[in-house]
Each structure stands twice: as C-alpha cells, then as structure tokens.
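What follows is each chain in one-letter form.
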Amino acid sequence: MSLCYLNGRYLPLDEARVSPMDRGFLFGDGAYEVIPVYSRRPFRLDEHIARLGRTLASIRLPDPHRPDEWREIIGEVIDRNPWQDQSVYLQVSRGVDDKRNHAFPKVIRPTVFLMSEALVTPPAHQREEGVAGVSAADFRWLRCDLKTVSMLANCLLRQHAVDQDCVETILFRDGFLTEGSASNIFVVRDGVMLAPPKSHLMLPGITYDVVLELAVKHGLKHEVREILEDEVRHADELWMSSSTKEVLPITRLDDKPVGTGRPGPVGRQMHAWYQDFKNTVMRSE
Ligand code: PDD
C-alpha cells in the first residue's frame, strides 16, 4: 500500500481526502513536481525544490515550506514507501474556498499533497529499439515554463500519441520545436546535439539541464538555439528527456524513420553518460 502525505499527515493513499472545493480540483490552480528517487535517494532534489519555488512565486502562491522542510517531508515519504526506486509526486494547490470564485480567496491555506509510486524507467526494448513519436501543433498557453497542475492541454497532446500507438507527441509552435507533451526534446544533426533554449514556451527540465551539463563535461558538440520544424523532420537522431523517461531515443516520427530508424551513437552515448552520472552522484550522496 502506498503511503502519502496530506497537509501534515502521513496516511494510506486510499484514505486521503481533498474537498471538491479545492482550487486544484476546480481550477487546476496549483504547482507540482515529479522527483525521481534511486536507491531511496532523491535525484537533483535541490533543483526540483528550487523549480517548485519559482512556479509558486510566478503563480503568486506563497511557498508553504522552506527547502529544509520540503527535504524532510520528501525524505519521510520515501522512507515510508516500499520501493528502492520511486517517483515522488508533490503538489501544492491554492487550497479550499467556500465558494467558486476565480479570484484568490482572502485567506489562503494551501493543500500540500505528496505520493510515491515505484519508478518505472523505460524497458530495455524501448531503449534498444527507440520509440515512435507523432507531431502536433503546440496549442498550450504562453507560460509553459511553469509546472502547474493545469495539465489538460498536455493530457490531450499525450493522448494524441497514445491513440496512434506512440509514446510521445513532439510539439511545434510557429514552425519551431518547443518540447514534448511530457518531456524535453533533443535533436542531433551532423554529430551536433541541438537543444531549444529555455523560454516561456517550454518547461525547464531538470533532466534537460543534466543532459546539457553532460554535453559540456564530455566535450560533445552542441548548440542551444531555436530549432526549425524542418530540422527535426530531417534529424539524424531525436531523443526525449524527463525524470521518468531519463534519455530515450525516438526513432520514428509521424510514421517515418528518424535518421537510420535505429537509436543513434550520440543518444546512446548520452544515455550511458546519464547512467554513469546518476550512479556516481547516488554513491557519493
Ligand atoms: N514531466 N516538459 C514537460 C511538459 C514535462 O511535463 C516534463 C516532465 C518535462 C521534463 O522535465 P524533468 O526533466 O524535470 O522531468 C518537460 C513529468 C515527469 C510529469 O509530468 O510526469
């Protein structure tokens, strides 16, 4: 049984209750994080807590906890759940009001909820063969840099992939790559790794940062710049990154092979660097 945290209490997930008057439920008014945990140690925790702080500040919701308090709650949730590798979900909403009103309540008591699941990273066959992606117009709002729980557009876009037996939807806005429905996207052309620059049009992924750091550390040629849709469609390699997918090759896009149609050398190398980095960090913490 999964153990969760709700407003100061640790309790079995199936006993947790939130009011339907919660603004997270009524308006999708809240922020969230997904933190990967390996061998019971959260990966890049300070970065996740800092991003949560930035989302909360941008949506004008006071952060209910200091970083040390967040670390303690997250640590408890990890300890009280059975898995070695976990995916911790953390959500802060603007809490319960006594009437439905778009404007914020006068007194705000945020709802803080955390739960954990077994971390399921992509199976070996997906890493070895790559996965299929589809494309779609990015019709989300103009604050995609915020990790808010208003996720309907992302859900519709992810379902668009699932409906076509694909794993991810790659998004284009005004002729440029933004990201995936739940991941960041990297492109390889002529041995150079390309990454779209952080902006209000994409989530600043924690894994995205790790990938760029690894490129710098290992001297991989790379450019952070706007990427044309056409460059994606004629890429040698494509891969997605996220806390749960790590680094995963996309070998088909809209039913056409990407490059050779097999995972490419740069993506394979990045996956290996990522695993090494993860193992080193986890051993040293
Ligand atoms: N999603 N872009 C979007 C739209 C995302 O939802 C995510 C992650 C990412 C990658 O961010 P990170 O590397 O920090 O995980 C990029 C999480 C895993 C989710 O919603 O489940």
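Residues numbered from 1 in each chain as written. Predicted model: local features only at pLDDT ≥ 70, side-chain atom pairs only at ≥ 80, totals over all residues. Heavy atoms only, no water.

Asks: Looking at this structure, how should I read the overall build of the protein chain?
Replies: Within the protein chain one finds eight helices and 15 strands. On C-alpha atoms alone, the protein chain measures out to a radius of gyration of 19 Å, which is about the 19 Å that the 2.2 N^0.38 rule sets for 285 residues. Taking all 285 residues of the protein chain together, 52% fall into the buried category. Long-range contacts, defined as pairs at least 24 residues apart, comprise 71% of the intrachain contacts of the protein chain with a sequence gap of at least 6. Total accessible area computed for the protein chain in this model is approximately 13,800 Å², and 53% of it derives from carbon and sulfur atoms. Positive and negative side-chain charges of the protein chain, numbering 36 and 41 respectively, have mean locations separated by a distance of 3 Å. (Helix = DSSP H or I, 4+ residues; strand = E, 2+ residues; numbered from the N terminus. Rg over C-alpha atoms; globule rule 2.2 N^0.38 Å. Buried < 20%, exposed > 50% of the residue type's maximum accessible area, 1.4 Å probe, protein only. Contact = heavy atoms within 4.5 Å. Areas by Shrake-Rupley, 256 points an atom, 1.4 Å probe, with all protein chains shown as cover. Lys, Arg positive; Asp, Glu negative; His and termini not counted. Charge placed at Lys NZ, Arg CZ, Asp CG, Glu CD.)

Asks: Quick question: what am I supposed to make of helix α6 (residues 206–217) here?
Replies: Owing to its 3.6 residues per turn, the α-helix aligns residues three or four sequence positions apart on the same side. Helix length check: α6 (12 residues) gives 17 Å between terminal C-alpha atoms against 16 Å at 1.5 Å per residue, within 8%. Every buried residue belonging to α6 is among Ile206, Thr207, Tyr208, Val210, Val211, Leu212, Leu214 and Ala215, and all of these are buried. Looking one or two places after α6, you find Gly219, whose phi comes out positive at around 70°. (Expected span 1.5 Å × (residues − 1).)

Asks: Teacher, can you tell me more about the packing of α6 against helix α8 (residues 265–284) here?
Replies: Angle between the axes and distance between the axes are the two parameters that describe a pair of packed helices. The geometry of α6 relative to α8 is characterised by a closest axis approach of 10 Å and an angle of 105° between their N-to-C directions. As judged from the angle between their axes, α6 and α8 are roughly perpendicular. Between α6 and α8, the contacting residues are Thr207, Val210, Val211, Leu214 and Ala215 on the first element and Met270, Trp273, Tyr274 and Phe277 on the second. A breakdown of the residues in the contact of α6 with α8 according to their chemical character gives eight nonpolar, one polar and no charged. (Axes fitted to C-alpha atoms, helices over the stretch in contact; angles between N-to-C directions. Parallel < 35°, antiparallel > 145°, perpendicular 65-115°, else oblique. Nonpolar A, V, L, I, M, F, W, Y, C, P; charged D, E, K, R; others polar.)

Asks: Please explain the sheet that holds strand β3 (residues 30–38) as it appears in this structure.
Replies: Two pairing modes exist for strands in a sheet, parallel and antiparallel, and in both the strands are linked by backbone hydrogen bonds. Within the open sheet, the six strands sit side by side as β2-β1-β6-β5-β3-β4. Their pairing is antiparallel. Sheet topology places β2 (9–12) and β4 (41–42) at the edges, where each strand pairs with a single neighbour. Where helix α3 (residues 67–79) meets the sheet, its contacts fall on β1 (3–6), β2, β3, β4, β5 (86–93) and β6 (111–118), and the angle it forms with β6 comes to roughly 40°. (Pairing = 2+ DSSP bridges.)

Asks: Got a minute to help me understand the domain arrangement of the protein chain in this structure?
Replies: By convention, interface size is frequently given as the accessible area that disappears when the constituent parts associate. Here the protein chain is partitioned into domain 1 (3–118) and domain 2 (124–284). Placing the centre of domain 1 and that of domain 2 at their C-alpha centroids yields a distance of 26 Å. Across the boundary between the two partners, domain 1 contributes 23 residues, which contact 21 residues of domain 2. If you look at where domain 1 meets domain 2, you find one salt bridge. The partner of Glu213 in a salt bridge is Arg44, and the shortest N-O contact between them spans 2.9 Å. Of all the secondary-structure elements, those providing two or more residues to the side of domain 1 that touches domain 2 are β3, β4, α2 (45–58) and β5. Here the side of domain 1 that touches domain 2 gets seven residues from one element, more than from any other, and that element is β3. Partitioned by chemical class, the residues of the side of domain 1 that touches domain 2 number 10 nonpolar, seven polar and six charged. (Domains from an automatic or database assignment. Salt bridge = Lys/Arg side-chain N within 4 Å of Asp/Glu carboxyl O.)

Asks: Got a minute to help me understand the site of the ligand in this structure?
Replies: Of all residues adjacent to the ligand, which total 19 residues, the nearest are Tyr32, Glu179, Ile206, Thr207 and Ser243. A distance of 2.6 Å is found between a nitrogen atom of the ligand and a side-chain nitrogen or oxygen belonging to Glu179. Note that an oxygen atom of the ligand is positioned 2.7 Å from one of the side-chain N or O atoms of Ser243. In the complex, 90% of the free accessible area of the ligand, which totals 480 Å², lies under the protein chains. Put simply, the parts of the chain that give the shell around the ligand at least two residues each are β3, β9 (176–180), α6 and β13 (237–242). Taken domain by domain, the shell around the ligand gets at least three of its residues from each of domain 1 (3–118) and domain 2 (124–284). (Near = heavy atom within 4 Å. Polar contact = N/O pair within 3.5 Å; in protein donor to acceptor, adjacent residues only side chain to side chain.)

Asks: Just to check I follow, could you spell out unusual backbone geometry for this structure?
Replies: Note: most peptide bonds trans; most residues except glycine with negative phi. In this structure, Arg40 is a non-glycine residue whose phi angle is positive, near 70°. Positive phi outside glycine occurs at Asp174, with the angle close to 50°. Turning to its location among the elements, Asp174 is positioned in the loop between β8 (168–173) and β9. Relative accessible area serves as the criterion here: at 72%, Asp174 is assigned to the exposed category.

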